[in-house]
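# Working through the structure, step by step
One-letter residues, chain by chain:
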Amino acid sequence: MPEIRYPDYNNSILNLMSSILKHYNVETNHNSLEILDKKLEKNYKNVVLIVLDGMGQHILEHTSKDGYFLKKDIRTLTSVYPSTTTAALTTYYSGKPPYETGWIAWSQYFKEYGRAIDMLAQKESYQNDTLKNVRMNVFESIVNYETIFKKIEEASPDVNAYEIMPDYSSKRARRTLKANNIEDICEHIKLICNNRSENRNFAMAYCDNPDALLHKYGRYSDEAKEMIINAEQQIERLREELKDDTIIIISADHGHKEVNKVYNIIDYPEIQECLIMPPSFEPRCLSLFVKNNMKQRFEEMFNENFSNEFILLTKEKVLEKNLIGVGAKHKKIDDFIGDYLAISTSDAVIQLDTYLAEPKPLKKSTHCGISIDEMEVPLIIIE
């Protein structure tokens, strides 16, 4: 039986962010991490958070078991659920779980558009079309959120909050710097932390690797290993070039799971017959809207085909278990989450294809399931 790891919203990346917000006098309804709170009590002038996309705890242990990161790794955290960049990175940027932001998975169905939309890319999911001439921008009016950068600068006016991110990313902070690799990220951090300003500094840097390499080459690839080891070397060198008034916090948004079995939803007409519309979310976490008079039939057919590789939870059970978080429920949660979530516990995915477009390319390794490999991430502290 695969090892399942549910999110722990008292020991997760959400609580990591709550510690940082608490440090800067920002009110939060979520518990902080006591172990990080004590580190931040030292009142460092510079607090740096680096998020390495996809660098889960077990990937790190496999690729660099005697490396710099594990030597500084003080605790294993869980991601939020779903264990995917859309949900987790938004948690970093907002200090809130998916339950409160409405940012849940890669593709979410908006009834306002009659379309499934890729949340981060802001494109139509099946044909990859850019949204044009929309009468209402749902990202500005429905799933918008206040960023941590704005919250920190308002609660602590003596703090300059910086965002470091790839060229293609949307700007979220007043002070935004572009960096497409770990070398550029380290250079920006050095300039921020070594400036002569009397203000304190908070900087959050996001790197889209090793995730991109893991998707392309696999969880155990040399390419991903080389990237992680290089990141260790670059950040260890960076620490030597910084003054003692800086703390560096490193974590990830999620881990990864190797893909060995691929199914396609359109190959199961008996399941398709039960659905109101195509599934959304991701191949390892499917949001399924089912006809009222066919729910029993759907459960039977889905479990007959996939019970060894997926768990099937009703929406009620998902919310009862606080799977996607706690707090003030976002008004779109019931629109986005179907009657069921089908969640992978194995190395299998179910492609969310339709006859409208060609299937999307397969990935050698991916995430969004609830295995321990995807859900656990490190908490690395470099003082």
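A brief structural summary. (Residues numbered from 1 in each chain as written. Predicted model: local features only at pLDDT ≥ 70, side-chain atom pairs only at ≥ 80, totals over all residues. Heavy atoms only, no water.)

## Regarding the pairing of strand β1 (residues 46–52)
Two faces make up the sheet, and in a regular strand the side chains alternate between them. Stated formally: Residue exposure (1.4 Å probe, protein chains only): buried if accessible area is under 20% of the type maximum, exposed if over 50%, otherwise partly exposed. Working definition: helices are DSSP H or I runs of at least four residues, strands are E runs of at least two. Numbering for both runs from the N terminus. Strand pairing is defined by DSSP finding a minimum of two bridges between the two strands.
Taking burial as the measure, the seven residues of β1 include seven buried ones, the bulk of the element. Burial along β1 is two-sided: N46, V48, I50 and L52 facing one way and V47, L49 and V51 facing the other are all buried. Note that β1 and strand β8 (residues 200–207) share seven bridges and pair parallel. Residue pairing for β8: I50 is matched across the bridge by A205. In terms of strand pairing, β1 meets strand β9 (residues 246–251) through six bridges, oriented parallel. Looking at the pairing, V51 lines up with S251 of β9.

## Quick look at the packing of helix α5 (residues 85–94) against helix α8 (residues 148–155)
Worth spelling out the cut-off: Axes here mean lines fitted to C-alpha atoms, for a helix over just the part in contact, with angles spanning 0 to 180 degrees between N-to-C directions. Comment on the angle field: the value is read as roughly parallel under 35 degrees, roughly antiparallel over 145, roughly perpendicular from 65 to 115, and oblique elsewhere. In this analysis, two residues are considered to be in contact whenever any of their non-hydrogen atoms come within 4.5 Å of each other. In this classification, Asp, Glu, Lys and Arg are treated as charged, Ala, Val, Leu, Ile, Met, Phe, Trp, Tyr, Cys and Pro as nonpolar, and every other residue, Gly included, as polar.
Running from amino to carboxyl end, α5 crosses α8 at an angle of 15°, the nearest separation of the two axes being 7 Å. On the basis of the axis angle, α5 is roughly parallel to α8. Residue-level contacts link Y92, Y93 and S94 of α5 to I148, F149 and K151 of α8. The residue makeup of the contact of α5 with α8, split by class, is four nonpolar, one polar and one charged.

## Re the pairing of strand β3 (residues 107–110)
Where β3 and strand β4 (residues 115–118) come together, four bridges link them in antiparallel fashion. For Y109, the partnering residue across the bridge sits in β4 and is A116. Joining the antiparallel neighbours β3 and β4 is a turn of four residues, in which G114 adopts a positive phi near 65°.

## What about the pattern of salt bridges?
Keep this limit in mind: Whenever Lys or Arg places a side-chain nitrogen within 4 Å of a carboxyl oxygen from Asp or Glu, that contact is recorded as a salt bridge.
Summed over the entire model, instances satisfying the criterion amount to 26 salt bridges. Linking R284 and E374 is a salt bridge whose minimum nitrogen-to-oxygen distance equals 2.7 Å. Residue R284 is found in the loop between β12 (280–282) and β13 (285–288), and its partner E374 is found in helix α16 (residues 372–375); the two are separated by 90 residues along the sequence. For the pair R284 and E374, one class covers both residues: buried. A salt bridge links K295 to D339; the nearest nitrogen and oxygen atoms lie 3.4 Å apart. With K295 in helix α13 (residues 295–306) and D339 in the loop between α15 (333–336) and β15 (340–344), the pair connects residues that are 44 residues apart, well separated along the chain.

## Looking at the packing of helix α1 (residues 13–23) against α5
Which entries qualify depends on this criterion: When the near helix sits turned anticlockwise from the far one by under a right angle, the crossing is termed left-handed; a clockwise turn instead gives a right-handed crossing.
Taken N-terminus to C-terminus, the directions of α1 and α5 make an angle of 15°; their axes are 9 Å apart at the nearest point. Taken together, the axes of α1 and α5 lie roughly parallel to each other. α1 and α5 meet at a crossing whose hand is right-handed. Between α1 and α5, the residues in contact are I13, L14, L16 and M17 and A88, T91 and Y92, respectively.

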